[in-house]
Each structure stands twice: as C-alpha cells, then as structure tokens.
Amino acid sequence: MSIASVTDMLRVAPSHPGSTPGSMSLAGQLRELRARLIRSALVLVVAFGVSLLFFDPLLALVLGPYNQARDLVGADTTTSAYVAGATGPLMLHLKLCGVAALMAASPYWLWQAWAFVVPGLLERERRWSRVFALVAGPLFIGGVALGYYVLPKGLGVLIGFTPDGLENLVEFGDYFSFFTRMLLVFGLAVELPFFLVLLNLAGVVTGAQLGRHRSIIMMATVVFAAIATPSTDPFSMLMLAVPMMVLFLVAEVITRAVDRRRAARALAQVRIGD
C-alpha cells in the first residue's frame, strides 16, 4: 500500500474539484465516514499505548474508592481485592487501559462524529449542537465526579453486610464493571434535565408543562435513582436524586424564561404586522 493511498483513506474533505462537504455523493459520504473512523481508531490506539505507561496511577485511581470503603468498614470486616485466573492480570491491563483510552480520546472521536453530522444540519440545529457540546461535557464530568465521591460510601454499605467469621473477596473484573457502571449512571443522569431544556428550545415541551408535572418528575427522579444506582444503598440514591431534582428545577426556570422570551418575540412580530 502506497503512501498516497493511505493519505487518500484518511482524507475527509472532497477530492473532486469544486465539490463541498455538504454536497457529497453517497460514495463520498461513505469515504468520509471511513476516514473519520480510521482516524478515531488510530487516536484510540495511540491513547491505549500511552495509558499502558500510566497503568499504576490508573489502577490506584480505580481502586481508590474500594480502599476508602475498606477503611470505612474498619477491622470489623475483612475484605481484599484479587485477580482470578491465569489470564486475569493480562485482562486487567487490557480492560483498564482500554477504558482509559476510550475516555481520554473521547474529545477527538466525539468531534469526528459531530463533524460528520454537521454538514447535514440546518443553521439553527448547528447552534443547538454547539450549546449541547459546551454544556453536556462539563455536566457529564460533574456527574462522574459526584459518582466517584459517592462510590466509597456505597461500597462500604455493601461490604458491611459481610457476616462475622467470613472474609469478603472482591474480584477486580466485577468491581471494575461496578465502578464504571456507577460513574456512567451518575454522569448520564445529570444530563436528563439538560435534555429537557433542549426539547424546550426545539418547541417540544414548555415550562408550564414541566411545572404541571413537577411532582411526577420528582417522584420519577427518586424511583430512577433507586433503580439506577448500582450500590442500592440509601446514601448513593439520595446523592443522585437530590442533584437531579435541583437540576430539574433549574431546567424548569430556564424553560419558563425561554417561553416568556418566545412569547414576547411573537407578540412583537404581531404588533409589527398590525
């Protein structure tokens, strides 16, 4: 394979003179998709290689909540983490570094996905997507950070159920799945109120509708937190439900303000027409 063919595979812009990204044929769009997928895969491979160099700090970061939970239960309960099987250590490296690479490279591959979709969007839809990119990312990171803070308390409650005379053994693969599921639940949960704001901007829901169903939304939030929280302890449930309730109230305030502004604009247009 020549260097020119490799360069052509990685090209996302149209190769035909006078063509534009927004007017490509189906074959051109498929070539662009292939190029963006290859680019994202290459960045993921590089990120995976770099994460292997930082395996020890990554492992300490993942085991941090478990070590804190072990300190919380004290000497009353004996617990230790272990890796099962002959291939367990290798899978530990691959799984941990793979997830770290996926998260570290997420700004790039998400940008590649967004850049592929943007040419087909209207200007108003592009504006909403920019708002989403600016707000959704920090919200997700904040939710993940909250989940990381709550996780030791939830683990402490679960490990504390170990009967006297028994030792609690935590297999790392199971723990890592629990760890990632907990953080994803918290990260995605705080995005839900933001989606309501986007739906309001799109004209799907109004602030008045959210106000009428406020009690139902709050009750559904508690039920969602109880079901979605992997640790199932009351502390983790409340730490997820309370911020979501606050964000839903903030979303209602924002949507009502948007509705008032939209109504004032419509009234002004009517007066101009008269």
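Residues numbered from 1 in each chain as written. Predicted model: local features only at pLDDT ≥ 70, side-chain atom pairs only at ≥ 80, totals over all residues. Heavy atoms only, no water.

## Describing the overall build of the chain
Per the secondary structure count, the chain includes 11 helices and two strands. Moving toward the C terminus, one meets the helices and strands of the chain in the order α-α-α-β-α-α-α-β-α-α-α-α-α. Once local pairs closer than 6 in sequence are excluded, the contacts in the chain between residues at least 24 apart make up 82%. For the chain, the computed accessible surface area is about 16300 Å², with 71% contributed by carbon and sulfur atoms. (Helix = DSSP H or I, 4+ residues; strand = E, 2+ residues; numbered from the N terminus. Contact = heavy atoms within 4.5 Å. Areas by Shrake-Rupley, 256 points an atom, 1.4 Å probe, with all protein chains shown as cover.)

## Some remarks on the pattern of salt bridges
In the structure shown here, the tally under the stated rule is four salt bridges. For the salt bridge of E32 with R36, the shortest nitrogen-to-oxygen distance reads 3.0 Å. Remark: R36 and E32 occur in helix α2 (residues 26–53); sequence separation between them is four residues, near one turn of the helix. Classification of E32 as buried rests on a relative accessible area of 5%. For R36, a relative accessible area of 10% corresponds to the buried category. Among the salt bridges present, the one from E252 reaches R256, with a minimum N-O distance of 3.2 Å. (Salt bridge = Lys/Arg side-chain N within 4 Å of Asp/Glu carboxyl O. Buried < 20%, exposed > 50% of the residue type's maximum accessible area, 1.4 Å probe, protein only.)

## Examining the nonpolar core
Counting residues in hydrophobic clusters, the biggest one holds 35 residues, and the most contacted among them are L59, V62, L155, F172, Y175, F179 and L240. Taken together, the elements giving at least two residues each to this core come down to α3 (55–73), α4 (88–104), α6 (123–159), α7 (172–189), α10 (214–228) and α11 (234–273). In terms of residue count, α7 provides more of this core than any other element does, 10 residues in total. Setting aside residues up to four positions removed in sequence, V62 forms contacts with L96, F172, Y175, F176 and F179. (Core = buried A, V, L, I, M, F, W, Y, C linked by side-chain atoms within 4.5 Å.)

## Side note on the environment of G203
By the secondary structure assignment, G203 is in the loop between α8 (192–201) and α9 (207–212). For the pair G203 and D259, spaced 56 residues apart in sequence, the C-alpha separation works out to 9.2 Å.

## Regarding the confidence of the model for the chain
When pLDDT is averaged across the chain, the result is 83; 86% of the residues are at 70 or more. A low-confidence stretch, residues 15–19 (pLDDT under 50), is modelled with two contacts involving residues beyond four sequence positions or located in other chains. (pLDDT = per-residue confidence, 0-100.)

## What about the side chain of T79?
Assignment of secondary structure puts T79 in strand β1 (residues 78–82). Here the side chain of T79 touches Y66 through a polar contact of 2.8 Å, side chain to side chain. Looking at T79, its side chain comes within polar contact range of the side chain of N168, at 3.1 Å. If we skip the residues at most four places from it in the chain, T79 touches Y66, R70, I159, N168 and V170. (Polar contact = N/O pair within 3.5 Å; in protein donor to acceptor, adjacent residues only side chain to side chain.)

## Remarks on α7
Counted at 1.5 Å a residue, the expected span for α7 with its 18 residues is 26 Å, and the 25 Å between its end C-alpha atoms agrees. Listed as buried for α7 are F172, G173, Y175, F176, F178, F179, M182, L183, V185, F186, G187 and A189. In this structure E171 caps α7, since a side-chain oxygen of it lies 2.9 Å from the backbone nitrogen of G173. (Expected span 1.5 Å × (residues − 1).)

## Focus: the packing of α4 against helix α5 (residues 106–117)
At a minimum axis separation of 5 Å, α4 and α5 run at an interaxial angle of 55°. Put simply, α4 runs oblique to α5. On α5, the residues that touch L102, M103 and A104 of α4 are S106, P107 and W109. Looking at the contact of α4 with α5 residue by residue, the class counts come to five nonpolar, one polar and no charged. (Axes fitted to C-alpha atoms, helices over the stretch in contact; angles between N-to-C directions. Parallel < 35°, antiparallel > 145°, perpendicular 65-115°, else oblique. Nonpolar A, V, L, I, M, F, W, Y, C, P; charged D, E, K, R; others polar.)

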